[in-house]
2 protein chains.
Amino acid sequence: TFKVAARFVATLKESDDPFAKLDSFTNRHNGSSAEGELEQMLRAVGVESLEELGNTTVPAAIQKKEDLRVGAAMTETEAIDYLKNMMSKNELNQNHIGMGYAGTNTPYVILRNLLENPAWYTQYTPYQAEVAQGRLESLLNFQTMVSDLTGLPVSSASLLDEGTAAAEAMAMCFAISRNKRAKFFVSEKCHPQTIAVVETRAKGFGIEVIVGDHATYDFSNGDTSGVLLQYPATDGSVEDFKDVIKNSHDNGTKVVLATDLLALTMLTSPGEIGADFALGNSQRLGVPMGYGGPHAAFFSTKEEYKRLMPGRIIGLSKDAQGKPALRMAMQTREQHIRRDKATSNICTAQALLANMAAMYGLYHGPEGLKKIAGRTHLMAQVFAEGAEKSALNVGSHKFFDTVKIEYPSTAEAQKVVDACAAAKINIRQMSDTVLTVSFDETHTAKDVTKLMGCFGIDGSAESFVGSVSGNGFAGTDFERKSDFMTHPIFNSFHTEHELLRYMMRLQSKDISLVHSMIPLGSCTMKLNSTSEMIPVTWPEVCMPHPFTPKEQLPGYYEMFAELEKDLADITGFYKVSLQPNSGAQGEYTGLMAIRAYHDSRGDVDRKVCLIPTSAHGTNPASAKMCGLDIVPIGCDELGNIDVAELKEKAEKYKDTLAALMITYPSTHGVFEETIKDICDTVHANGGQVYMDGANMNAQVGLTSPGHIGADVCHLNLHKTFCIPHGGGGPGMGPIGVAEQLAPFLPSHPVSPVVGASDKAMGPVSAGPYGSSAILPISFMYIKMMGSDGLKEATQYAILNANYMKKRLEGAYDILYTGNNGRVAHEFIIDIRPIKAASGITESDVAKRLQDYGFHAPTMSWPVSGTLMVEPTESESKAELDRFVDALLMIREEIRQIETGAMDRDNNMLKHAPHSPDVLVAEEWDRPYPREVGGYPAPWSKSFKFWPTVGRLDDVAGDRQLICTCPPMETYTEETA
Amino acid sequence: TFKVAARFVATLKESDDPFAKLDSFTNRHNGSSAEGELEQMLRAVGVESLEELGNTTVPAAIQKKEDLRVGAAMTETEAIDYLKNMMSKNELNQNHIGMGYAGTNTPYVILRNLLENPAWYTQYTPYQAEVAQGRLESLLNFQTMVSDLTGLPVSSASLLDEGTAAAEAMAMCFAISRNKRAKFFVSEKCHPQTIAVVETRAKGFGIEVIVGDHATYDFSNGDTSGVLLQYPATDGSVEDFKDVIKNSHDNGTKVVLATDLLALTMLTSPGEIGADFALGNSQRLGVPMGYGGPHAAFFSTKEEYKRLMPGRIIGLSKDAQGKPALRMAMQTREQHIRRDKATSNICTAQALLANMAAMYGLYHGPEGLKKIAGRTHLMAQVFAEGAEKSALNVGSHKFFDTVKIEYPSTAEAQKVVDACAAAKINIRQMSDTVLTVSFDETHTAKDVTKLMGCFGIDGSAESFVGSVSGNGFAGTDFERKSDFMTHPIFNSFHTEHELLRYMMRLQSKDISLVHSMIPLGSCTMKLNSTSEMIPVTWPEVCMPHPFTPKEQLPGYYEMFAELEKDLADITGFYKVSLQPNSGAQGEYTGLMAIRAYHDSRGDVDRKVCLIPTSAHGTNPASAKMCGLDIVPIGCDELGNIDVAELKEKAEKYKDTLAALMITYPSTHGVFEETIKDICDTVHANGGQVYMDGANMNAQVGLTSPGHIGADVCHLNLHKTFCIPHGGGGPGMGPIGVAEQLAPFLPSHPVSPVVGASDKAMGPVSAGPYGSSAILPISFMYIKMMGSDGLKEATQYAILNANYMKKRLEGAYDILYTGNNGRVAHEFIIDIRPIKAASGITESDVAKRLQDYGFHAPTMSWPVSGTLMVEPTESESKAELDRFVDALLMIREEIRQIETGAMDRDNNMLKHAPHSPDVLVAEEWDRPYPREVGGYPAPWSKSFKFWPTVGRLDDVAGDRQLICTCPPMETYTEETA
Ligand SMILES: Cc1ncc(COP(=O)(O)O)c(C=O)c1O
Ligand SMILES: Cc1ncc(COP(=O)(O)O)c(C=O)c1O
Ligand SMILES: O=C([O-])O
């Protein structure tokens, strides 16, 4: 028998219950739980047990003695059954609510081969462009589609939701006015959740939001930076914005249009009518509503504002051989660079959903989209026609998919509302006397007829077709005349085989967790298990409209409650808000709660936010957006926060201290011993402690933010709690807070959050529970791990990092360590000494790792010139060893340069990565054999992931920004 | 705008209904329906319209005027909703039926990433080994697992089901006796469906099956070729077979054990107790029961019988560079070679399900399997203990998972049966007074307790644990002492990440429809759409036990009825049987029906079966297995059946003529004009016409077997009706028959087929409706295409073939054509003239196509030295052109050899395919550049599928057969 056999015996933990089901999850999730292996690894690290490792790594002062209370682990099938029973209680009524969310048919080929495919959903943000050309191409398609439809040349690769996209636009307008124009005008005909999110966001910037009638607003004071209009409006009306736009522009006010991509296939584009920005939700392009998300917001603008755009932009560049290649453009714009100059804190966005929308666009093409729009429009027209014939008041405005009906009395409106409820149809009640109904791709003539019946309209949908005109915009200024999506990419993949193959082609160019570990420090690329993902696409999870009456969704609300309870236990906090849609949004929400708390006590001047210089860029960006004044705190030579400096500054600002933001374990991957002291100091000076929970994977079950003494903390559910990264989103950033902050947690104007207090801040996301449809992922994870499994995962995460560090430390310098020379769950490899000796940079090592089949660790963050490695608990010893071996082999390659045996500029590292076309080219003039380029590792020949391009040229890409699809020639290479 | 844009407009057919849903399927399924393209293609073929093409290609005499009557097309979402509603009527009761089928937890990671993954399910049988190393490795794992568990060194890569596997064993025993021993003994303790399938199969061979008590059977007459025993038996008992095996062997009788892989983790293996053959169902290793299938039967034997083994065997060989590489071993054993010497007609088997079972074995490893077996065993023990304590009679024999309870009276047994029914629990009622209950991985203690309650047993499952002994076999001869699955491959992938990556690694080595068209003539590799696949894994489809009382499954029975009706309409027949599990099984069933028909008329001597020499190998094999005498009919120089010879032979054998077997359009891809005449001739001479429906994709909607005059025809649902090929199965081979044959269609002894007559033949499959769980695929296809779409698909299939032929015919010789120089849906490229001129063979062209990213057409069948191309309707013009371009470029490469510009032996064709390790090697001494090897096509650089090994050495592999996992060294290559 084999040693490896012994291993599995150990991982199947003996249970007291002889009938315990055997599909337990912890041993599938945690990588190296085998007795033999575990012992080897513990020995290498110099401890006897996982317990000892925890006890000697986590500072004694903060170790938690009590077990978690999330319950015993369920097996995979048990957890699936448990959640299925819960979610089956949700009712799926016929939906006509509208308000920026619409039913859509996700083409099954996209559903299964993209949304449900780990090769797509386990990708990370395309930092390593050479092994990410697939999703980069897809995101470029998304940008092109958005640019074409909105008529604005520059688009980003997704934002979190329509509400925050509108808030981003406001911030841009303000920035364009150089923070001079402090007013932002919002049409009252915008979606209420959008208005509310904008209002929440405005507070931090000190912007005054005026909501009103855009036709009568007076722009002439010159104090209004921008105007936000909804096109079509929330009540369905499509209005002529000529005057308001002229008026705005004449007065130096920028124009933002919140819009609908499907409607734009019929309507003159925002660009054509003069808008400066367009934004909205791309959800109805094939992405399920998911009770609020996830889906991708879009954002586009004119050339002149592109460098101010929030979020990521994909651009065309070239590789080292001059071959066209894609990359994230203008990375220097990213938040971790802008820091306290930031106006936005977007990091995790909605890449996976943008890819879905793009594929939907490709599959249907412009003509297909027009047909879908036309049919949707027809249903609205037919309804309106029927209503008019029945003497209902639908007004005289143009509309696309939403019809407004005004009643003379509350009683008459209520009768219809009751009839709809009885028929299990959800509509929107705008006011006591005003109702709206929206239509979408999923509706049928039968649905329309049934709805009409509830309105007392006599006749079937079919019976009114004859009397409607077809395109209600025809012959008006609203009618779209310009082409869109004319690029061949939108006109080539209309059969299932063609689209399937295109998706598979792109997928095969990208490294994801299906290939190898992705040890990105601070990103926690752990297992995203299939059983966690399965519930996401259950109809009862992914279908509900976010403003569905709560009573219809008892399953969802049970799940929210249980998840909030478990996350509160895990974080050691009093209350949790599930609303924030990303880690950065969590930061923002937490800081706003702190501000509200100080304000509530009359402490209105507490605006100083202490932030260590090592912090993630979103920290200062969030603080800035909350209107806080950032005071940096340095680090000592060990990488720890300079406690003396902290004390000094905390005291100096004791009257104005609002908060400290701190990441724990530190962004350097170290459990700082002083953390309790730090918290005490801040509290003693009147401040609150915001803990950045990005590193929670090193805390769960061993300690907790609440236990340590923090007041608030966000959780990146897409890190510690298994939501896959999706190539750059979706994620979720719930926050936990101590009791004094709880009253200020966000609520929602349309669908109030359960338990929200009357002091609640406004919403930070468009949906009441953020991206609800992905919460089951974290829910499943917690249920399947149970209290013991969660703690064990943390121990393994720490073990794996320390084991790798041990194996590497002879060859590389490890930058910072804590107690006993121990790191937490990640560690930093310093490449600066190597660079000094050989000219080899952290980037060269990163690219060379691609030749070995690996995605590089986090590069030059938090310390430039370094690589930060985070293995997570989900990797087996075999995989950890393989990665370490690769780094050790690379170290030997570097040694050849150091000794002069290999040229400093012409070597396997500087030329990395090696795409096969380069290796197979006739010409080969390098001082190392081709095989060293392509097959550096012993395992490469049995399995090799090939980068499809050579090293990206970053400078060329930013010099000339091309962020829509390039001409076809760039897609197909001619052979020599 | 672009030409391609115009295309899609045309494909979205204008409907009369303005509300028609827009997710129509036909334009996703049919590849080139664009106006612009269609016209170009029609013009190239020389016709004006698809109608004209049909009218001028299909002989006028057999064209059908009436439309199909399967209804109008549903859209994708409509069809999903329709079937979901239907299937939701199925009830899923707690199941303890046993009888060779057991509940199992399909690990979700396998469910999603293998069973639901087109990269696995759209693979074809690994004929082109260089682009199939992934599934070959997985099937080798399956073989190794089966060999280890059964203790017999040689295993095949799956058979259709346990019943037919037993029948195969019988045929082998008979063959080993050189057809001398005409008796085959079957223990009465075998599963009843197995006994019945064996009995059906015995008829054709003229074997006498004796069913009885193996302990008392007298083997001494020397007339018994084999004995079939069940281990554990159908009533659960595990018996000591020492005596019966010794007795058999002493008398020259071979011993066959039908067994259970999970039980074998606890029981001494069949090999160890002396069995010559072991077989059974691997279903409970992670494959859902699917109301009968699909799942993979296993079959293993001793070294000495390996060359007689039915089905495919994967073996280790090496490639042109000497690198270890896998392939199908002993392909010369395949049925198309054995023809009328065949004893088996296995072609399509159950590769996908064998792969699932193998992955389940890898994921759990030997220790995991033992735990699952142990827990299952414990539940049975606990039940038995409780029963004994309650004074029920459970006998004294050993058992694994099934407990038998004997009652003194019918009334007492019936009380329990009623209690179970009331509790919604399915058990097995073996007789009026005997009940059995079986346990499996999915049961819980609660289930056991509930079941015990129905039996009047007092106490919970837990309450009896203390009084059971643990392993009931411990210390007896039954206790397994030998190791199994000790190879590292079974002990390395126990975490989800490791298994996921292993599956992805294998998948990446294999070409499937997710990469490019696979134009395998006679195999109809059309689109297997996602919407067709989705219902397969609905619980209400994949969970039911095949012997669930019908009343619990109204959804299934509605679906069967509707599918039978539609297939009868499409084939022009009176009645359809859904039971046969493959095309070859359909042939067998159809011929048996013909025999029964003749017998029923007293025509007992009608045993001559005319078969054209061009027939597929399964045709003569099936005829042989039915006990028919094969009389071959030649073809004329045009490739058509020699009608004069047919007439002569039909008349010559007019008193003994049973049937003609004929493929239509012919295996040469031609619509023979004489087909009606041929049918008439056969009928005039008392014979029946069996039509091989492999080429139905050229008939649907244009003509039909019934219309043409055939009496029976099988349908390969895995060709024309979209069941994916799964890398060599599953498939389904229902047959349609004319009225006179209908009474003889198979029924089933355990679960009678609806509408079966009292003249019904015995079952041909273990399940009453074959592999029921994949029937929804064909059902969905028919519903989504509708009458018009199905016909249009046929027209496109013919158009695509003729278009390709036109483009190729200047460069290559096209072997046979029909009317107007037209081919049907496929055509044959003759490589023999090329070989004569250049030495380049069909195999060289096939392997070179891999360098261009394509799977080769069918090689050397039906004519050796040729390639047969079948594009199907699902390919777009762009893809057809790409394939044609590859062939044309290859033709130019050959021309270089013909002109002497390139060496005859050392050239890019002889060295094809080029794996990247060869291209990247330091040494390159070939007379063409590396790039010509690796990047021959203009599209290769933007996407390239790389073969992972060089050309397979067939001879080496067969010389020394290695068909279990080789030592680890062969998995990992060291770099130079
Ligand atoms: C330390 C830290 N804080 C905050 C964030 C931002 O989280 P998100 O990307 O979810 O907005 C990150 C993201 O990686 C991080 O590493
Ligand atoms: C002409 C013909 N007949 C029969 C068969 C056998 O069908 P199956 O593989 O389903 O057993 C085939 C399989 O390819 C075939 O091409
Ligand atoms: O995504 C990060 O910026 O870490």
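Just above, that's the structure.
Conventions used here
Residues numbered from 1 in each chain as written. Chains lettered and ligands numbered in written order. Predicted model: local features only at pLDDT ≥ 70, side-chain atom pairs only at ≥ 80, totals over all residues. Heavy atoms only, no water. Helix = DSSP H or I, 4+ residues; strand = E, 2+ residues; numbered from the N terminus. Rg over C-alpha atoms; globule rule 2.2 N^0.38 Å. Buried < 20%, exposed > 50% of the residue type's maximum accessible area, 1.4 Å probe, protein only. Lys, Arg positive; Asp, Glu negative; His and termini not counted. Charge placed at Lys NZ, Arg CZ, Asp CG, Glu CD. Near = heavy atom within 4 Å. Polar contact = N/O pair within 3.5 Å; in protein donor to acceptor, adjacent residues only side chain to side chain. Areas by Shrake-Rupley, 256 points an atom, 1.4 Å probe, with all protein chains shown as cover. Salt bridge = Lys/Arg side-chain N within 4 Å of Asp/Glu carboxyl O. Phe/Tyr/Trp six-rings, centres within 6.5 Å; stacked < 30°, edge-to-face > 60°. Arc of directions from axis to C-beta. Contact = heavy atoms within 4.5 Å. Nonpolar A, V, L, I, M, F, W, Y, C, P; charged D, E, K, R; others polar. Least-squares fit on C-alpha atoms with pLDDT ≥ 70 in both. Axes fitted to C-alpha atoms, helices over the stretch in contact; angles between N-to-C directions. Left-handed = near helix turned anticlockwise from the far one by under 90°. Buried area = accessible area lost by both parts, 1.4 Å probe. Pairing = 2+ DSSP bridges. Disulfide = S-S within 2.5 Å.

Enquirer: Outline the overall build of chain A, listing residues and values.
Expert: Across its full length, chain A carries 34 helices and 27 strands. Relative to the globule expectation of 30 Å for 976 residues, the C-alpha radius of gyration of chain A, 28 Å, shows essentially globular dimensions. For chain A, the spread of C-alpha atoms along the principal axes amounts to about 85 × 70 × 65 Å. Counting every position in chain A, which comprises 976 residues, the buried fraction comes to 70%. Within chain A, the 120 negative side-chain charges are centred at a point lying 2 Å from the centre of the 89 positive side-chain charges.

Enquirer: So what's going on with the site of ligand 2? Which residues, and what values?
Expert: All names here are of chain B. Neighbouring ligand 2 are 14 residues, the closest being Thr348, Ser522, Gly583, Asp692 and His718. At a separation of 2.6 Å, an oxygen atom of ligand 2 approaches a polar side-chain atom of Ser522. In this structure, an oxygen atom belonging to ligand 2 sits 3.0 Å away from a side-chain N or O atom of Asn716. Protein contacts shield 98% of the accessible area of ligand 2, which totals 390 Å² for the unbound molecule. A per-element tally of the shell around ligand 2 places helix α22 (residues 583-600) first, with three residues.

Enquirer: Describe the pattern of salt bridges, with residues and values.
Expert: A complete count under the given rule lists 97 salt bridges over all chains for this structure. In this structure, the salt-bridge partner of A:Arg284 is A:Asp401, at a minimum N-O distance of 2.8 Å. Placement of the pair is A:Arg284 in the loop between β8 (277-281) and β9 (297-301) and A:Asp401 in the loop between β12 (398-399) and β13 (402-406), with a sequence separation of 117 residues. Here B:Lys647 ties to B:Asp677 by a salt bridge, and the two come within 3.2 Å at their closest N and O atoms. Taken together, the positions of B:Lys647 in helix α24 (residues 643-652) and B:Asp677 in helix α25 (residues 675-684) put the pair 30 residues apart, joining distant regions of the chain. Judged by its relative accessible area of 30%, B:Lys647 is partly exposed. Given the relative accessible area of 32%, B:Asp677 is considered partly exposed. Through salt bridges with shared partners, a single network forms among A:Arg112, A:Glu116, B:Arg112 and B:Glu116.

Enquirer: Could you give me a rundown of the packing of aromatic side chains, with the residues and numbers involved?
Expert: For the structure on display, the rule yields 54 aromatic pairs over all chains. Where A:Tyr935 meets A:Trp946, the ring centres are 5.5 Å apart and the plane angle is 80 degrees; that geometry is what we call edge-to-face. Taken together, the residues span a long stretch of sequence, with A:Tyr935 in the loop between α33 (930-934) and α34 (954-959) and A:Trp946 in the loop between α33 and α34 at a distance of eleven residues. Residue A:Tyr935 is classed as buried on the basis of its relative accessible area, which comes to 5%. A:Trp946 gets classed as buried once you look at its relative accessible area, which sits at 10%. Ring geometry for B:Phe383 versus B:Phe439: centroids 5.8 Å apart, planes at 45 degrees, classification tilted. Taken together, the residues B:Phe383 in helix α14 (residues 351-389) and B:Phe439 in the loop between β16 (434-438) and α16 (445-454) connect sequence positions 56 residues apart.

Enquirer: Describe helix α11 (residues 242-250) of chain A, naming the residues involved and giving the relevant values.
Expert: All names here are of chain A. When α11 is considered as a whole, its buried residues turn out to be Val244, Ile245 and Ser248. One side of α11 carries all its buried residues, which in axial view fall inside an arc of 100 degrees. Exposed residues on α11 whose side chains face more than 90 degrees from its buried face are Asp243, Lys246 and Asp250. Contacts made by the buried residues of α11 are with β5 (224-231), β7 (254-259) and α13 (270-273). Just past α11, the residue Gly252 takes up positive phi, approximately 75 degrees.

Enquirer: An account of the site of ligand 1 is needed here, citing residue identities and associated values.
Expert: Residue and element names in this part refer to chain A. The environment of ligand 1 is formed by 14 residues, the closest being Ser522, Gly583, Asp692, His718 and Lys719. Interatomic distance of 2.5 Å between a side-chain N/O atom of Asp692 and a nitrogen atom of ligand 1. Burial of ligand 1 by the protein amounts to 99% of the accessible area it has alone, namely 390 Å². Tallying contributions element by element places helix α23 (residues 583-600) first for the shell around ligand 1, with three residues. Of the residues in the shell around ligand 1, the class split is three nonpolar, eight polar and three charged.

Enquirer: I'd like a rundown of the relation of the copies chain A and chain B, residues and numbers included.
Expert: For these two chains of identical sequence, chain A goes onto chain B by a turn of 180 degrees and a shift of 0.0 Å along the axis, with RMSD 0.0 Å. One copy is carried onto the other by what is essentially a two-fold rotation axis. Among all residues of chain A, the minimum C-alpha distance to the rotation axis is found for A:Val920, at 3.0 Å. Of the interface residues in chain A, 100% have counterparts in chain B that sit at the interface too, so the contact is made through matching surfaces.

Enquirer: Which residues make up the packing of helix α15 (residues 351-389) of chain A against helix α19 (residues 496-507) of chain A, and what are the values?
Expert: Residues and elements named next belong to chain A. Orientation of α15 relative to α19, taken along the N-to-C sense of each, is 145 degrees, at an axis distance of 10 Å. The interaxial crossing formed by α15 with α19 has right-handed handedness. When α15 is examined against α19, the residues Met359, Leu362 and Tyr363 are found in contact with a partner set consisting of Glu496, Leu499, Tyr502, Met503 and Leu506. Taken together, the residues that form the contact of α15 with α19 break down as seven nonpolar, no polar and one charged.

Enquirer: Give me the side chain of A:Arg822: which residues, what numbers.
Expert: Residues and elements named next belong to chain A. Structurally, Arg822 is set in the loop between β24 (813-814) and β25 (827-830). The charged side chain of Arg822 is buried without a salt bridge, its nearest counter-charge being Glu52 at 5.8 Å. Filtering out sequence-adjacent residues up to four positions away, Arg822 remains in contact with Val45, Val47, Leu53, Thr56, Thr57, Asn802 and Thr817.

Enquirer: Before we move on, can you summarise the interface of chain A and chain B with the specific residues and values?
Expert: The interface of chain A with chain B comprises 107 residues on the first partner and 107 residues on the second. Taken as a group, A:Phe19, A:Tyr108 and A:Arg112 account for 10% of the area that chain A buries against chain B, more than any other trio of residues on that side. Between B:Arg501 and A:Glu875 there is a salt bridge, with the nearest N and O atoms lying 2.8 Å from each other. On the surface where chain A and chain B come into contact, there are 33 residue pairs in polar contact (both at pLDDT 80 or more).

Enquirer: Describe the sheet that holds β16(B), with residues and values.
Expert: Residues and elements named next belong to chain B. Taken in spatial order, the three strands line up as β13-β16-β15 in an open sheet, and their pairing is antiparallel. The outermost strands of the open sheet, each flanked by one partner alone, are β13 (402-406) and β15 (428-429). Relative to β16, β15 is paired through two bridges, and the arrangement is antiparallel. Its bridge partner lying in β16, Arg428 is registered against Thr436.

Enquirer: Outline the side chain of A:Asn528, listing residues and values.
Expert: Residues and elements named next belong to chain A. Assignment of secondary structure puts Asn528 in the loop between α19 and α20 (530-533). Judged by relative accessible area, which is 8%, Asn528 ranks as buried. A polar side-chain atom of Asn528 sits 2.9 Å from the main-chain carbonyl oxygen of Cys722.

Enquirer: Give a detailed account of helix α23 (residues 618-625) of chain B, specifying residues and quantitative values.
Expert: Residue and element names in this part refer to chain B. Here α23 lies mainly inside the structure; seven of its eight residues are buried. Considered for burial, the residues of α23 that qualify are Thr618, Asn619, Pro620, Ala621, Ser622, Ala623 and Met625. Once α23 ends, the next one or two residues include Gly627, with phi positive near 80 degrees.

Enquirer: Quick one: what's the story with the state of the cysteines, residue by residue and with numbers?
Expert: Following the criterion strictly, the structure yields zero disulfides over all chains and no others. Of all cysteine sulfurs in the structure, the one in A:Cys626 sits closest to A:Cys609, which takes part in no disulfide; the separation is 8.4 Å. Residue A:Cys609 is classed as buried on the basis of its relative accessible area of 0%. There is no disulfide at B:Cys173, and the cysteine sulfur nearest it, in B:Cys190, is 12 Å away.

Enquirer: Can you lay out the sheet that holds strand β28 (residues 952-953) of chain B for me, pointing to particular residues and giving the numbers?
Expert: With antiparallel pairing, the three strands of this open sheet are ordered in space as β11-β10-β28 (chain B). Single-partner strands in this sheet number two, and they are β11 (324-328) and β28 of chain B.

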